[in-house]
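Descriptive structure summary
What follows is each chain in one-letter form.
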Amino acid sequence: MRPTETAAPETPSTSDLPGTDTGPNSEAPPRDFPIQRGCPFSAPAEYDTLRTHDPVARVTLPTKKEAWVVTRYDDVRELLSDPRVSADIRRPGFPALGEGEQEAGARFRPFIRTDAPEHTKYRRMLLPVFTVRRVRAMRPAVQARVDEILDGMLAGGGPVDFVSAYANAVSTSVICELLGIPRENLEFFRDVTRVSGSRTSTAEQVSEALGGLFGLLAELVGKRREEPRDDLISKLVTERLVPGHVTMDQLLSTLGITINAGRETTTSMIALSTLLLLDRPELMEELRRDPSLMPAAVDELLRVLSVADSIPLRVAAEDIDLSGRTIPADDGVIALLAGANHDPEQFDDPERVDFHRTDNHHVAFGYGVHQCVGQHLARLELEVALETLIRRVPTLRLAGDRDDVAVKHDSATFGLEELKVTW
């Protein structure tokens, strides 16, 4: 069976996994983490074994630090809503997955890696922009931009790299237009995220990439201070920076993480969802026959693909008991979203892609006070990008060998590096 077919991979026995905790009092040696996916449309098969036999498990990270991973749905939600859990990247036990991640994060202070009251302050800056009502009002503009991008892709002829020509172009254009950033070089933002989100980047490489982004943003902030426009940068400059509620560094950090997080996960979801639909033409046809299914389909794809699987990195500020284990204070812990979203105790037949699934309370956007502030915009982009593609390009197909599709295993966000298509 090809690794991308949707049948659930055989779950290894506990004896096949070194470090599996086979008894309530056994001390299992930590296993290496991250664990790669065998199928891009599912969580790693080992998550099933962990969820059953070692739901709060010790792991060794690429940095050689040890931490805990949590795989059960109820445990993930409990952990991410526990006030005794910290997201502060400056804590020594923070479970960074890349060599340069913690050092660069401590320097640039992205607000998703902070705690209240600092995190609350920056989240409240952005919430009014990403309400359901405001996002719904953006649909015509998003539709127009998606049509424009698709027109350009079709006019150029195939084959093309779908990730660059469509998925990245859509997600980056939408977030740039919201902020008021010229969309002259969409690949620049992808390159910044490629470096800053890679687990193999050094602190110097991450700092250089983010420094280039912040330099561009600082120039735009200066222009909007002089001549405000109807965009998010102008709004934050006039309402937050000028009155002195935030510093320039704080504003740049907030804008930077909004761009990086806002475009990377959506790029990955558009590309990976398209690959899944090409692999499962009956699902593509179902959406073509009934476009009203698209909102439910997007939520199901978010659950199944869980591209932000290991984004929720935390530190226990106090001892925390979870599923019979104690996570000691100051230890790092990772809430595995793909593990939770494929938990059979919460989702019936979790490997099945079902656009009619009810009560789909997935945690693809996280949970608790750090739940993704831009989730409504992400859903809108996915709905419009996928519906437009399915409707306008009925002959879309892969160009080249299916096994040559390039998957990103060493990135903070799971996805595709390249996807060659034609029509």
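Residues numbered from 1 in each chain as written. Predicted model: local features only at pLDDT ≥ 70, side-chain atom pairs only at ≥ 80, totals over all residues. Heavy atoms only, no water.

Quick word on the overall build of the chain
Where we set the bar: A run of H or I in DSSP becomes a helix once it reaches four residues, and a run of E becomes a strand once it reaches two; helices and strands are each numbered from the N terminus. Values of the radius of gyration come from C-alpha atoms, whereas the globule rule sets the reference at 2.2 Å times the count of residues to the power 0.38. Only protein chains enter the accessibility calculation, which uses a 1.4 Å probe; a residue is then buried when its area is under 20% of its type maximum, exposed when over 50%, and partly exposed in between. Residue contacts follow a heavy-atom distance rule, with two residues in contact if any of their heavy atoms lie within 4.5 Å. The method behind every accessible area is Shrake-Rupley, applied with a 1.4 Å probe, and residues are considered shielded solely by the protein chains displayed.
Each helix and strand counted, the chain has 15 helices and 13 strands in total. Here the C-alpha atoms of the chain give a radius of gyration of 21 Å, agreeing with the 22 Å that 2.2 N^0.38 yields for 423 residues. Each principal axis of the C-alpha distribution contributes one length, and for the chain these read about 65 × 55 × 35 Å. Counting the 423 residues in the chain, one finds 55% classified as buried. Summarising the internal contacts of the chain: among those between residues at least 6 apart in sequence, 72% fall at separations of at least 24. Summing over all exposed atoms, the chain offers an accessible surface of approximately 17800 Å²; the carbon and sulfur share of this is 49%.

Quick notes on the environment of Thr254
Looking at the secondary structure, you find Thr254 in helix H11 (residues 248–279). A residue is classified by how much of its surface remains accessible, and Thr254, at 1% relative accessible area, is buried. Along the primary structure Thr254 and Pro110 are separated by 144 residues, whereas in three dimensions their C-alpha atoms are 6.4 Å apart. In contact with Thr254, other than residues within four places in its own chain, are Phe111, Tyr122, Met125 and Leu126.

Some details on the side chain of Ser42
Examined against the element boundaries, Ser42 turns out to sit in the loop between strand S1 (31–32) and helix H1 (46–53). For Ser42, a relative accessible area of 3% translates into the label buried. With near-sequence residues (within four places) excluded, Ser42 lies in contact with Arg37, Val304, His342 and Glu351.

Structural notes on the nonpolar core
Cut-off, in case you're wondering: Definition of nonpolar core: a set of buried residues of the types Ala, Val, Leu, Ile, Met, Phe, Trp, Tyr and Cys, connected through side-chain atoms within 4.5 Å.
Residues Phe162, Tyr166, Leu179, Ile181, Leu251 and Leu377 are the most contacted members of the largest nonpolar core, which totals 92 residues. Ignoring any residue separated from it by four or fewer positions in sequence, one finds Ile181 in contact with Cys176, Phe189, Leu216, Leu217, Leu220, Ile233 and Ile259.

Brief notes about the side chain of Arg263
Keep this limit in mind: Pairing of N or O atoms within 3.5 Å defines a polar contact, subject to two protein rules: one partner must be a possible hydrogen donor and the other a possible acceptor, and residues neighboring in sequence count only if both atoms are side-chain atoms.
Topologically, Arg263 is positioned in helix H11. In this structure the side chain of Arg263 is engaged in a polar contact, spanning 3.0 Å, whose partner is the side chain of Thr172. Among the polar contacts made by the side chain of Arg263, one reaches the side chain of Glu264 at a distance of 3.0 Å.

Description of the sheet that holds strand S3 (residues 66–70)
Paired through backbone hydrogen bonds, the strands of a sheet run either parallel or antiparallel to each other. The following threshold applies: Two strands pair under a simple rule: DSSP has to find at least two bridges between them. Lines are fitted to the C-alpha atoms to define the axes, a helix being fitted only along its stretch in contact, and any angle between axes, read from their N-to-C directions, falls within 0 to 180 degrees.
Strand order in this open sheet of 6 strands is S1-S2-S3-S9-S6-S4, and the pairing throughout is mixed. Of all strands in the sheet, those with a lone pairing partner are S1 and strand S4 (85–86), marking the two edges. The sheet contact formed by strand S6 (residues 313–316) and strand S9 (residues 332–335) spans 3 bridges and is antiparallel. Bridge assignment links Val315 to a residue of S9, and that residue is Gly332. Strands in contact with helix H2 (residues 73–80) are strand S2 (56–60), S3, S4, S6 and S9; relative to S9, the strand with the most contacts, it is inclined by about 125°.

Considerations on the sheet that holds strand S10 (residues 397–398)
Sheet architecture is open: 3 strands sit in the order S5-S13-S10, paired in antiparallel fashion. In this open sheet, the two strands that pair with only one neighbour each are strand S5 (160–161) and S10. Where S10 lies against strand S13 (residues 420–422), 2 bridges are found, and the strand directions are antiparallel. Each bridged residue has a counterpart across the sheet, and for Leu398 the counterpart in S13 is Val421.

Considerations on the packing of aromatic side chains
Inclusion rule: Planes of paired rings set the category: under 30 degrees apart is stacked, over 60 is edge-to-face and the rest tilted, where pairs are Phe, Tyr or Trp rings (Trp by its six-membered ring) whose centres lie within 6.5 Å. Either the NZ atom of lysine or the CZ atom of arginine qualifies as a charge over a ring when it sits within 6 Å of the ring centre and within 35 degrees of the ring normal.
Summed over all chains, the structure comprises 3 aromatic pairs. The residue whose ring lies beneath Arg37 is Phe414, and the NZ or CZ to ring-centre distance is 4.1 Å.

A word on the pairing of S6
Judged by which residues are buried, S6 turns out to be covered on both faces: Leu313 and Val315 on one side and Arg314 and Ala316 on the other are all buried. In terms of strand pairing, S4 meets S6 through 2 bridges, oriented antiparallel. Bridge pairing links Val85 to Ala316 in S6.

Structural notes on unusual backbone geometry
Of note, the amide linkage connecting Ala116 to Pro117 takes the cis form, showing an omega dihedral of 5°. As for its placement among the helices and strands, Pro117 is situated in the loop between helix H3 (101–108) and helix H4 (118–126). Cis geometry marks the peptide bond from Gly158 to Pro159, where omega comes out at 0°. Locating Pro159 in the fold gives a position in the loop between helix H6 (139–156) and S5. In this model, Asp330 sits at a positive phi of 80°, which is unusual for a non-glycine residue. With respect to the helices, strands and loops of the structure, Asp330 is situated in the loop between strand S8 (325–327) and S9.

A closer look at the pattern of salt bridges
Where we set the bar: A pairing counts as a salt bridge when a side-chain nitrogen of Lys or Arg comes within 4 Å of a carboxyl oxygen of Asp or Glu.
Within this structure, the stated rule accounts for 29 salt bridges. Between Arg325 and Asp54 there is a salt bridge, and its shortest N-O distance comes to 3.1 Å. Residue Arg325 is found in strand S8, and its partner Asp54 is found in the loop between H1 and S2; the two are separated by 271 residues along the sequence. By relative accessible area, which is 13% here, Arg325 ends up buried. By relative accessible area, Asp54 is classed as buried at 3%. For the salt bridge of Arg379 with Asp299, the shortest nitrogen-to-oxygen distance reads 3.0 Å. Linking Arg379 in helix H15 (residues 375–392) with Asp299 in helix H13 (residues 294–305), this pair joins segments that are 80 residues apart in sequence. Among the residues examined, Asp299 registers a relative accessible area of 19% and is labelled buried. Among the ionic contacts, a cluster of salt bridges with common partners joins Asp88, Arg90, Arg109 and Glu118.

Nothing here speaks to function; it is all geometry.
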